[in-house]
Amino acid sequence: MDVLNPKTKSGWRHERGEASLSDVYRTVGTGRHSSMWRRAAAFAGPGYMVAVGYMDPGNWATSLAGGSKFGYALLTVALLSNLMAIVLQSLCARLAIASGRDLAQACRDAFPKYVSVPLWAFAEIAIIATDIAEVIGTAIGLNLLMGIPLELGVLITALDVFVILFLQKLGFRWVEAFIIALLGVIAVCFGVQILLADPQWGSVLTGFFPTTEIVTNPEMLYLALGILGATVMPHNLYLHSGIVQTRAYGHTVPEKREALTFATIDSTVALCFALLINASILILAAAAFNANGKTDVVELGDAYSLLSPLLGLAIAPTLFGIALLCCGLNSTVTATLAGQIVMEGFLKIRLKPWVRRLITRAIAIVPAAIVTIWYGDQGTAELLILTQVVLSLQLSFAVFPLVMFTADKAKMGELVAPRWLSGIAYLIAIVIAGLNVKLLLDFVTG
């Protein structure tokens, strides 16, 4: 029997069972007897995979709209969203290292089935919504750069599962290297575009400071909520709590504390990098579109076609397309892994890793492909925004359990979150829930 008395010291209703992502669990050595810098370097990687979700194609639509409509004013919202993300992702690492569970396993082992099964359904809906945004982004990138029809581009994105299978055979570090390499390409593309756009750096700096207009202007508030909803996404919480366990850290409390420190540094640095990319999208839209009177740019295709005449160089839209394609590819890879974590964690499915990965990918990609093909070339911006609203609605079902678990001493032991951190996390959870309800109501009422 794996059922425990709920009042036992473990704090969990069930034993953990199979490890998260068992095929790559603790496969990355941490050099426990080497220098501090080498040990810290061993934990670098998962944070960048998580950071991918904070700059996926769903973010592009809201950032483009915000920058073209209101210039640099919404940079403060991107900064605030990122600070929230840093706190929540640190809690994911804490949950994984302290309990040996990812968030999906924790929900399964802490709640009765009538709670955990709906949470699994909500998580799957979030994965599907995430995949729709990423499939669209990749397909549009392929269409803009190579003229590949949207429908064919959608099918091509399904091949990412084989990329993961191949790279994981080489070792999980290869998956991380693939992700980081594409992030480097994205950074270079946006760096060049920002230089070409030549933004007003004084206004950029001012944009990071809050203004009351964000609250008093309904249209600005709506876009601000959209940026928040597009930034902090449910699948990243499941993903981080799983992939951090690929590290072979020790089992003693001091070793776990060190692992938590290094994992938190990794995710914080990576999310700061994600902020630079998100801010770059908004700054580019403000400098290239808003400054030239183009205040209604929302479609990714429109942004691509407008960049060349506005910036005066044909390479600008090409760089935009390359960055979009890399973002889409990166995001589909990480969403696939998140889908596997969610299904395995909630349902305890025992199949060969490659079979599980194909099944979890099919659950996400098939609805995404149907919806994307149904919409066709037109209305992709509306579809992207719809996916962000769906994600917003699902977010609290992942955030509140995460905060509850990490604040519970019985479940976390010596690594329980300090009260001040739990207090901030609960405040973030409540703010996110409130703002996302507002976003949903605004969407429903038109």
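In every chain, residue numbers begin from 1 and rise along the written sequence. Local features in this predicted model are restricted to residues of pLDDT 70 or higher, and side-chain atom pairs are both shown and tallied only at a pLDDT of 80 or more, whereas totals for entire chains, interfaces and linings draw on every residue. Hydrogens and waters are ignored; side-chain quantities use all the structure's heavy atoms.

The chain appears in an unreviewed UniProt entry as Divalent metal cation transporter MntH from Rhizobium sophorae. UniProt positions are given in the numbering used here, feature names are shortened, and annotations may be inferred rather than shown by experiment. According to the UniProt record, the Function (unreviewed entry) comment for the chain reads "H(+)-stimulated, divalent metal cation uptake system." UniProt lists a comment for the chain under the heading Sequence similarities (unreviewed entry), and it reads "Belongs to the NRAMP family."

Whenever I open this one, the overall build of the chain confuses me. Can you help?
What counts as a helix is a DSSP run of H or I of at least four residues, what counts as a strand is a run of E of at least two, and both are numbered from the N terminus. Looking only at helices and strands, the chain has 20 helices and zero strands in total. Note that the radius of gyration is over C-alpha atoms, with the globule rule given as 2.2 Å times the number of residues to the power 0.38. In terms of overall dimensions, the chain is globule-like: its C-alpha atoms have a radius of gyration of 21 Å, near the 22 Å expected for 446 residues. Over its C-alpha atoms, taken along the principal directions, the chain stretches across nearly 65 × 50 × 45 Å. Taking all 446 residues of the chain together, the buried fraction comes to 57%. In this description, contact between two residues means that some pair of their heavy atoms is separated by no more than 4.5 Å. Long-range pairs, those at least 24 residues apart, make up 84% of the contacts in the chain between residues at least 6 apart in sequence. All accessible-area figures derive from a Shrake-Rupley calculation using a 1.4 Å probe, and residue coverage is judged against the displayed protein chains alone. Total accessible area on the chain stands at roughly 17,500 Å², and carbon and sulfur atoms take up 69% of it. For the charge count, each Lys or Arg is scored as positive and each Asp or Glu as negative, with His and the chain ends excluded. Think of each charge as sitting on NZ of Lys, CZ of Arg, CG of Asp or CD of Glu. Seen as two clouds, the 29 positive and the 28 negative side-chain charges of the chain have centres 14 Å apart. Only protein chains enter the accessibility calculation, which uses a 1.4 Å probe; a residue whose area is less than 20% of its type maximum is buried, one above 50% is exposed, and one in between is partly exposed.

Honestly, the nonpolar core in this entry has me stumped. Any pointers?
Nonpolar side chains in soluble globular proteins tend to end up buried together. Among buried residues, the Ala, Val, Leu, Ile, Met, Phe, Trp, Tyr and Cys ones that are joined through side-chain atoms within 4.5 Å form a nonpolar core. Grouped together as the largest cluster of nonpolar side chains are 133 residues, with contacts concentrated most on Trp60, Leu74, Leu103, Tyr238, Phe320 and Phe405. With 17 residues, the single largest contributor to this core is helix α14 (residues 253-288). In this structure Leu103 touches Leu95, Leu237, Tyr238, Ser241, Ala398, Leu402 and Phe405, once residues within four positions along its chain are discounted.

Looking at this structure, I do not really get the pattern of salt bridges. What am I missing?
When their charged atoms lie close together, side chains carrying opposite charge are able to pair. Should a side-chain nitrogen of Lys or Arg be within 4 Å of a carboxyl oxygen of Asp or Glu, the pair is scored as a salt bridge. Counting across every chain of the model gives seven salt bridges. For Glu176, the salt bridge identified is with Arg173, shortest N-O distance 3.1 Å. Here the residue Glu176 and the residue Arg173 both occupy positions in helix α9 (residues 172-197), the gap between them amounting to three residues, near one helical turn. Judged by its relative accessible area of 34%, Arg173 is partly exposed. Between Arg247 and Glu176 there is a salt bridge, with its nearest N and O atoms 2.7 Å apart. Separated by 71 residues along the polypeptide, Arg247 in the loop between α13 (234-243) and α14 and Glu176 in helix α9 bring together distant segments of the chain. Residues joined by salt bridges that share partners form a network here, namely Arg101, Arg108 and Asp109.

Please clarify how helix α8 (residues 160-170) should be interpreted in this entry.
Think of an α-helix as turning once every 3.6 residues; residues three or four places apart then point the same way. Turning to α8, its buried residues number three or more, namely Asp160, Val161, Ile164, Leu167 and Gln168. Across the axial projection of α8, the buried residues extend over an arc of 130°, all falling on one side. In α8, the exposed positions that point more than 90 degrees away from the buried face belong to Phe166 and Lys169. Of the residues one or two after α8, Gly171 is the one with positive phi, at around 130°. Note: the arc covers the axis-to-C-beta directions of the helix.

Got a minute to help me understand the confidence of the model for the chain in this structure?
Caution applies to low-pLDDT parts of the model: their predicted coordinates are not meant to be read in detail. pLDDT is a per-residue confidence score from the predictor, ranging from 0 to 100. Overall, the predicted model of the chain reaches an average pLDDT of 84, with 91% of residues at or above 70. Taken element by element, the predicted model of the chain shows its lowest mean pLDDT in helix α17 (residues 353-375) (71) and its highest in helix α5 (residues 103-110) (95). Taken as a whole, residues 1-8 scores under 50 in pLDDT and shows twelve contacts with residues more than four places along the chain or in a different chain.

When you look at the packing of helix α6 (residues 113-146) against helix α7 (residues 150-157) in this model, what are you seeing that I'm missing?
If you want to describe how two helices pack, look at the angle between their axes and the distance between the axes. Axes here refer to lines fitted to C-alpha atoms; in helices the fit is confined to the stretch in contact. Angles between the N-to-C directions go from 0 to 180 degrees. Between α6 and α7, whose axes approach to 8 Å, the crossing angle comes to 120°. Here α6 is positioned oblique relative to α7, judged by the angle of their axes. Handedness of the crossing formed by α6 with α7: right-handed. Counted together, Val135, Thr138, Ala139, Ile140, Leu142 and Asn143 of α6 and Leu150, Gly153, Val154, Ile156 and Thr157 of α7 form the full contact between these two elements. With respect to orientation, any angle under 35 degrees is reported as roughly parallel, any angle over 145 as roughly antiparallel, any angle of 65 to 115 as roughly perpendicular, and every other angle as oblique. By definition, any crossing whose near helix is turned counterclockwise from its far helix by less than a right angle is left-handed, and any crossing with a clockwise turn is right-handed.

Sorry if this is basic, but what is going on with the environment of Leu80 here?
With respect to the secondary-structure elements, Leu80 resides in helix α4 (residues 75-99). The partly exposed category is assigned to Leu80, whose relative accessible area is 49%. Taking the C-alpha atoms as reference points, Leu80 and Ala51, separated by 29 residues in sequence, lie 15 Å from one another.

Which parts of the structure should I look at to understand the packing of aromatic side chains?
The description of two aromatic rings rests on the distance between their centres and on the angle between their planes. Here a Phe, Tyr or Trp ring, Trp counted by its six-membered ring, pairs with any other such ring whose centre lies within 6.5 Å, and the pair is stacked when the planes are under 30 degrees apart, edge-to-face when over 60, and tilted otherwise. What the rule picks out here adds up to five aromatic pairs. Ring geometry for Trp12 against Phe405: centres 5.7 Å apart, planes inclined by 55°, an arrangement best described as tilted. Linking Trp12 in the segment before α1 (36-42) with Phe405 in helix α18 (residues 380-406), this pair joins segments that are 393 residues apart in sequence. Across the pair, exposure class does not vary: Trp12 and Phe405 are buried alike. Grouped by ring-pair contacts, the aromatic residues Trp12, Phe111 and Phe405 constitute a single cluster. The criterion is that NZ of a Lys, or CZ of an Arg, lies within 6 Å of the ring centre and within 35 degrees of the ring normal, and then a charge sits over that ring. The ring of Trp12 is capped by Arg101, whose NZ or CZ atom sits 4.2 Å from the centre of that ring. One Lys or Arg, Lys411, reaches over the ring of Trp12 and ends 5.4 Å from the middle of that ring.

Hey, could you run me through the state of the cysteines in this one?
What we call a disulfide is simply a covalent bond connecting the sulfur atoms of a pair of cysteines. The disulfide criterion is simple: two cysteine sulfur atoms within 2.5 Å. Summed over the entire model, instances satisfying the criterion amount to zero disulfides. Cys92 carries a free sulfur, and the closest cysteine sulfur to it, the one in Cys107, is 11 Å from it. The exposure class of Cys92 is buried, given its relative accessible area of 0%. No disulfide involves Cys326; its sulfur sits 6.4 Å from that of Cys189, the nearest cysteine. By relative accessible area, which is 8% here, Cys326 ends up buried.

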